Amino acid sequence: MRKTHLFLAACFAATLTACGQSADSPETSEEQAAAEGEYERGPHNGRMLRDGDFAIEVTVFEDGVPPEYRLYAYRDNEPVDPETVRARVMITRLDGEKTTFEFEPEQDYLRGQGVLVEPHSFDVVVVANEGDNSHRWAFESYEGRVTISDEAARAAGIRTETVGPQQVGETVEIIGRVELDPSGSAEVGAKFPGTVMSLHANLGDRVARGALLARVESSSSLQTYPIYAPISGVITQRNTNIGDIADSDPMFVISDPSRTVATFPIFPRDIERVLPGQSVLIRGLEGQRAQGSRIRDFLPLAEVSSQAVTARAPLPNRDGFWRPGMAVRGLVSVDQRRAPLAVRTDAIQQFRDFRVVFAKIGETYEVRMLELGQEGPEWTEVLSGIDAGTVYASENSYVIKADIEKSGASHDH
């Protein structure tokens, strides 16, 4: 059984501890709420931290400004003049990075001096001083974070890579279909005209090279001779029956289903941009399956009515997933250049209003909100949001996203 330990989000934070100079008292309502996996909200919908009759409400304000901490102080549930309170918030992120926010009084609150960078996922310590009293609280405020054992990650097909420089390029989307590779097919006919005496293979049969397909009696010598399969593959056409006269037409067509190609009509608007040798990422119209290839060649003639020219890309098909006639979508890389930072395009997921990847630290995965540049079929340029050398989930990252969503992690403070 897959064993996955989920970090709870801020709205389901772990037990909140409070300490100060007030005398011991029965468990506060805030502590009771924390014990139940919830926390008390204040008048500004923030997290209420209580210590005796003193309280701090912690909010993150991001309405029209970069995210910043704002604290509201209370005594006996009545607002306290922010001029009389000194406060400090210290956060520790998953990778160990620590940031301290100092506060200045402004209107009826204390305003944090600095931007609270995404993701808002960290361990928090709040210290407040009012007169001779000092108060301290510590709590977990996590979002977009989940712990998955390495064993479970391997079983789920999660793979990782390291953020670094890569070749990226603009993409052109093309729509085509899967076809059998002509070089992987063979037409089988009679050596000499004659009557078909017996048949040993039928449409859809898989045959090995050298397998007996039929016997024909030569019209000239009246000798019966065998016809063998010249290649291994599947019988895709059988054009004869016992008693027919075999002549120059093919009796069978054998095709190797593992040798398929994707064919794409390239229309005049793209004919100068899509060229042989360019990389193309091939996907089905639905589903997650994707396979990289390169434009191998173009057929020599254009289609008269549309003026499209057919491009072909090899599509190795060892497991038989790609079936002739299946529609496919191709993303062709054009205008290649080297980007200082890039991540796998397939690794990128949507999280809230952000496009993200999941950084891996130990056995824990956490969102990294990205500002992206040029997007290619295989690699996408990263302008900000993740550091070079960061290990991230490059394959099957949707499994991580699903676990985070299942845990109920939200953007909350």
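In the block above lies the structure referred to throughout.
The following refers to the structure shown. All values reported here derive from a predicted model rather than from experimental measurement.

## A look at the pairing of strand 5 (residues 68-75)
Regular strands place their side chains on alternate faces of the sheet. Among the eight residues of strand 5, seven are classified as buried, and the element is accordingly described as predominantly covered. With eight bridges joining them, strand 4 (residues 54-61) and strand 5 adopt antiparallel strand pairing. When the bridges of strand 5 are listed, V58 appears paired with L71. Hairpin connection of strand 4 to strand 5: six residues between the antiparallel strands, including G64 at a positive phi of 80 degrees. Of the strand pairs in this sheet, strand 5 and strand 9 (residues 109-112) are connected by two bridges, and their pairing is antiparallel.

## With respect to the sheet that holds strand 15 (residues 185-188)
Taken together, four strands build an open sheet; the order of strands is 15-22-20-17 and the sheet is antiparallel. At either end of the open sheet lies a strand with only one pairing partner, and these are strand 15 and strand 17 (206-207).

## Description of the environment of I271
The topology assignment puts I271 in the loop between strand 23 (259-266) and strand 24 (279-284). The class for I271 is partly exposed, based on a relative accessible area of 31%. Sequence spacing of I271 and A308 is 37 residues, and the spatial spacing of their C-alpha atoms is 8.4 Å. Look past the residues within four positions of I271 in its chain and what remains in contact with it is I266, F298 and V309.

About the criteria used
- Residues numbered from 1 in each chain as written.
- Predicted model: local features only at pLDDT ≥ 70, side-chain atom pairs only at ≥ 80, totals over all residues.
- Heavy atoms only, no water.
- Buried < 20%, exposed > 50% of the residue type's maximum accessible area, 1.4 Å probe, protein only.
- Helix = DSSP H or I, 4+ residues; strand = E, 2+ residues; numbered from the N terminus.
- Pairing = 2+ DSSP bridges.
- Contact = heavy atoms within 4.5 Å.

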